[in-house]
Amino acid sequence: MADTATTAPLLTSHKPPKAPTIDDTIENYIGTTGVMQLFKAILLAFAWAFDAQQVFISVFTDAEPKWSCSGASASCSPAAPPASPCGLPPGAWAWDRPAETTMVSEWALKCAGPALVSLPASAFFAGCLAGGFLLTTLADSLLGRRKMLLTSLVSMSVAGVLTAFAPNVWAYAALRFVSGFGRSMVGTCTLVLSTELVGKRWRDTVSVAGFFFFTVGFLSLPALGYTFREASWRNMYLWTSVPSLCYSVLLYFLAQESPRWLLVRGRKQDAMDTLQQIASLNGNSITSSFSMLHACTMHADDGAGAGGAFATMRSMWERPWALRRLAAIMTTSFGVGMVYYGMPLNVGSLGTNLYLSVTYNALAELPSAVLSLAFIGRVNRRTTVVALTATAGAFSLMCVAIPEGSTARMVAELLSFFATITAFNLILIYSIELFPTSVRNSAVGLVRQALVLGGVAAPVLVALGRERSFWSFGVFGLCIGCLGLFAACLPETRGRGMSDTMEEEEHKEAAAAATACTATDIATKDNSDAV
């Protein structure tokens, strides 16, 4: 009897074991990420290459080619040509290359004004913006990551093929809008799905692999542009869109849905099948009864994973902490996006060789990806984003003061673009860590749309900056430098695990706040004792 009385309090005070997280469950069943699983995740990340091609293809297809006086009129002397051919009579001047090499020369848009010249590029980014806001929640709710990615890739590729047959600038701009609308979810779904298909150890590597492939796609454009420098600009769209369509077919047979998303959506049987497939890729076999699946969190909380396509958005709007995070990182992203998408479009204003300038900008992505891979686990996200945006803004402003055509201006532009690329990469990884699985794709999608919104304004600023560089380099520098300060409002996420539900993230937020308060109290007490 005494023994019972003695042991009873110990038994009643014993806390029940904590339920396993989805991370624990997945790691337990699939084991260590194997070579084949990693290969499939990296193959999935290759979609970034086609994404980059569609983003920057207008650097060549919409370029303004050089012109010269033909000598047929006294008003245009080859020895002293005027600044613009717009006031010259017909036949007094001619393009240095065949008219069909760019859409500007083919459709005689040289004197049509910056609004019409920049319309196709702005339409593309407007399509990205519209598609992002309308489609981003579908990957978290109805379609999932895999189906949304395939739908985006196919629609982007088909629109690209049709763009090659556009009869005029209006049809061209409309098709670019459709291409941007489809493309809007390619990068987001690729990033989220590839990181959710591998174990904790390989998430950063797979994330950065997407940045490498984006560089590959970007670098392919100067090569294609130089190859077709005397041919029609329409070839560029065919040679980028047809391979993308073939890749979509390959992905249809090889890509798997995220088991994390399936578990959060409550699709336990589909999650079991996917885990079995991943385990077999790693050379393992699951022989247990999936008992851990019953103990882990299965549904998104408070309707975040159910209740319609926009339930995930409502789940974020209703929580002040999530809304603050979203507003801060989207504001920073807008400034980064303006420079990231605007700088390559503005290389023609540097007064240097177009193909070399674009190649240098594309090559700047490589060391950025290497640095991201090397330091992503060691650097604080918040302070690094603020520092990078301030650096990019300073070098962009320097381009306004440095004379056109000088090497120093090219170096300043490259340094600004390099800092912007690194901030771009870090922001995408940061946004994955800031939001749980139940709303992650929607949140990352909104962050990418903020980046794209900056890209919508960039072509107009670039067109204005051809006459006065302050409207391009100056505005770029001020925007990214000032808006980057909003990142200081975000919590630090380095070293934290990924949450799966809003409730779990709230618990982490409360625990972090309690720890900070405790540390402050201890420091205050120590100071009082010292006094």
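Residues numbered from 1 in each chain as written. Predicted model: local features only at pLDDT ≥ 70, side-chain atom pairs only at ≥ 80, totals over all residues. Heavy atoms only, no water.

Rule in force here: UniProt positions are given in the numbering used here, feature names are shortened, and annotations may be inferred rather than shown by experiment.
By the naming in an unreviewed UniProt entry, the chain goes by H(+)/Pi cotransporter and is assigned to Panicum miliaceum. In its Sequence similarities (unreviewed entry) section, UniProt records this for the chain: "Belongs to the major facilitator superfamily. Phosphate:H(+) symporter (TC 2.A.1.9) family."

**Observations regarding the overall build of the chain**
What counts here: Note on conventions: DSSP H or I runs of at least 4 residues are helices, E runs of at least 2 residues are strands, and numbering of each starts at the N terminus. Under the scheme applied here, a residue whose accessible area is under 20% of the maximum for its type counts as buried, over 50% as exposed, and between as partly exposed, the area being computed with a 1.4 Å probe on protein chains only. Values of accessible area rely on a 1.4 Å probe in the Shrake-Rupley scheme; residue burial ignores everything except the protein chains shown.
In terms of helices and strands, the chain carries 25 helices and two strands. In the chain, which comprises 531 residues, the proportion classed as buried is 53%. Of the accessible surface of the chain, which amounts to about 21800 Å², a share of 66% is contributed by carbon and sulfur atoms.

**Quick look at the packing of aromatic side chains**
Inclusion rule: Stacked, tilted and edge-to-face pairs are distinguished by plane angle, under 30 degrees for stacked and over 60 for edge-to-face with tilted covering the rest, among Phe, Tyr and Trp rings (Trp via its six-membered ring) whose centres lie within 6.5 Å. A ring is scored as having a charge over it whenever the NZ atom of a lysine or the CZ atom of an arginine sits within 6 Å of its centre and within 35 degrees of its normal.
If you walk through the whole model with that rule in mind, you get 26 aromatic pairs. Relative to tyrosine 247, the ring of phenylalanine 50 has its centre 5.2 Å away and its plane inclined at 40 degrees; by these criteria the two rings are tilted. Of the two residues, phenylalanine 50 sits in helix α4 (residues 47-56) while tyrosine 247 sits in helix α13 (residues 234-254), which places them 197 residues apart along the sequence. Each member of the pair, phenylalanine 50 as well as tyrosine 247, is classed as buried. One aromatic cluster is present, built from ring pairs that chain together Trp48, Phe56, Phe124, Phe125, Phe211, Phe214, Phe218, Tyr340, Tyr341, Phe417 and Phe424. The cationic tip of arginine 146 hangs over the ring face of tyrosine 252; the distance from NZ or CZ to the ring centre is 5.4 Å. Looking at arginine 229, its charged tip hangs above the ring of tyrosine 226, at a distance of 3.9 Å from the centre.

**With respect to the pattern of salt bridges**
Our working rule: When a carboxyl oxygen of Asp or Glu lies within 4 Å of a side-chain nitrogen of Lys or Arg, that pair is called a salt bridge.
All told, the structure shown has eight salt bridges when counted by the stated rule. Between glutamate 433 and arginine 381 there is a salt bridge whose closest N-O contact spans 2.7 Å. On the criterion of sequence distance, the pair formed by glutamate 433 in helix α22 (residues 407-434) and arginine 381 in helix α21 (residues 381-401) is long-range, its members being 52 residues apart. Here glutamate 433 matches arginine 381 in class, with each residue buried. Because the salt bridges share partners, they merge into one network encompassing Asp51, Arg183 and Arg448.

**Thoughts on unusual backbone geometry**
Its identity as a non-glycine residue notwithstanding, alanine 108 has a phi of 55 degrees, on the positive side. For alanine 108, the position within the fold is in the loop between α6 (103-106) and α7 (114-117).

**Things to note about the nonpolar core**
For the record, the criterion: Throughout this description, the term nonpolar core refers to a set of buried Ala, Val, Leu, Ile, Met, Phe, Trp, Tyr and Cys residues connected via side-chain atoms within 4.5 Å. What marks off one domain from the next here is an automatic or database domain assignment. Pairs of residues are marked as contacts when any of their non-hydrogen atoms sit within 4.5 Å.
Counting 94 residues, the largest nonpolar core has Phe56, Met316 and Tyr341 as its most contacted members. Among the elements that take part in this core, α22 stands out by supplying 13 residues, more than any other. When residues are assigned to domains, this core turns out to be shared by domain 1 (29-68 + 96-283) and domain 2 (307-514), each giving three or more. Aside from chain neighbours lying at most four places away, what touches tyrosine 341 is Val55, Phe56, Phe125, Arg183, Phe424, Leu451, Val452, Gly455 and Ala458. Counting 21 residues, the second-largest nonpolar core is a separate cluster that includes Leu43, Leu138, Ala139 and Ala255.

**Considerations on the packing of helix α8 (residues 119-135) against helix α10 (residues 169-183)**
Helices that pack against each other are described as a pair by the angle of their axes relative to one another and the distance between those axes. For clarity, the cut-off: Every axis corresponds to a line fitted to the C-alpha atoms, with the helix fit spanning only the stretch in contact, and the corresponding angles, defined between N-to-C directions, vary from 0 to 180 degrees. The crossing is said to be left-handed when, going from far helix to near helix, the turn is anticlockwise and less than a right angle, and right-handed when the turn is clockwise. Residue type decides the class: Asp, Glu, Lys and Arg count as charged, Ala, Val, Leu, Ile, Met, Phe, Trp, Tyr, Cys and Pro as nonpolar, and the leftover types, Gly among them, as polar.
One way to put it is that α8 packs onto α10 with a least axis distance of 6 Å and a crossing angle of 30 degrees. Between α8 and α10 lies a crossing of right-handed hand. Seen from α8, the contacting residues are Leu119, Pro120, Ala123, Phe124, Ala126, Gly127, Cys128, Ala130, Gly131, Leu134 and Leu135; seen from α10, they are Val169, Trp170, Tyr172, Ala173, Arg176, Phe177, Ser179, Gly180, Phe181 and Arg183. The class makeup of the residues in the contact of α8 with α10 is 15 nonpolar, four polar and two charged.

**Re the environment of serine 68**
Note the following rule: Side-chain atoms alone can form a polar contact between residues adjacent in sequence; in general such a contact is a pair of N or O atoms within 3.5 Å, and within protein one must be able to donate a hydrogen while the other accepts it.
In this structure, serine 68 sits in strand β1 (residues 67-69). For the pair formed by serine 68 and proline 81, sequence separation is 13 residues and the distance between their alpha carbons is 7.3 Å. Looking at serine 68, its side chain comes within polar contact range of the side chain of aspartate 96, at 2.9 Å.

**A short note on the environment of alanine 412**
As for its placement among the helices and strands, alanine 412 is situated in helix α22. Non-local contacts of alanine 412, meaning those with residues more than four positions away in its chain, are made with Phe395, Cys399 and Ile402.

**So, the side chain of lysine 110**
Position of lysine 110 relative to the elements: it lies in the loop between α6 and α7. For lysine 110, a relative accessible area of 19% corresponds to the buried category. With residues near it in sequence (within four places) discarded, lysine 110 still touches Glu64, Trp67, Pro85, Cys86, Trp95 and Val104.

**Focus: α10**
Selection criterion: Expected helix span is given by 1.5 Å per residue-to-residue step, counting one fewer step than there are residues.
Relative to the 21 Å expected for 15 residues at 1.5 Å per residue, α10 spans 20 Å between its end C-alpha atoms, a close match to the ideal helical length. Three or more residues of α10 are buried, namely Val169, Tyr172, Ala173, Leu175, Arg176, Ser179, Gly180, Gly182 and Arg183. The opening residue of α10 is asparagine 168, an N-cap whose side-chain oxygen sits 3.1 Å from the backbone nitrogen of tryptophan 170.

**Overview of the packing of helix α12 (residues 203-227) against α22**
Our working definition: When an angle is under 35 degrees it counts as roughly parallel; over 145 it counts as roughly antiparallel; between 65 and 115 it counts as roughly perpendicular; any other value is oblique.
Two numbers describe how α12 lies on α22: the axes approach to 10 Å, and their chain directions differ by 140 degrees. One way to sum up the angle between α12 and α22 is to call them oblique. Here α12 runs over α22; the crossing is right-handed. In contact with Ser207, Phe211 and Phe218 of α12, α22 contributes Phe417, Asn425, Leu428 and Ile429. Broken down by class, the residue content of the contact of α12 with α22 amounts to five nonpolar, two polar and no charged.

**Let's talk about a nonpolar patch on the surface**
What counts here: Patches draw on residues past 30% relative accessible area with no salt bridge. Two like charges within 9 Å are joined, as are two nonpolar side chains (Val, Leu, Ile, Met, Phe, Trp, Tyr) within 5 Å.
A cluster of nonpolar side chains, Leu397, Val400, Val460, Leu464, Phe470, Trp471 and Leu478, forms an exposed patch at the surface whose accessible area comes to about 530 Å². By secondary structure assignment, the location of valine 460 is in helix α23 (residues 437-465).

**Examining the environment of serine 157**
Position of serine 157 among the secondary structure elements: in helix α9 (residues 144-163). Between the C-alpha atom of serine 157 and that of cysteine 246, which follows or precedes it by 89 residues, the distance is 9.2 Å. Excluding anything up to four places from it in sequence, serine 157 contacts Ser241, Ser244, Leu245 and Ser248. Reaching out from serine 157, the side chain makes a polar contact with the side chain of serine 244 at a distance of 2.7 Å.

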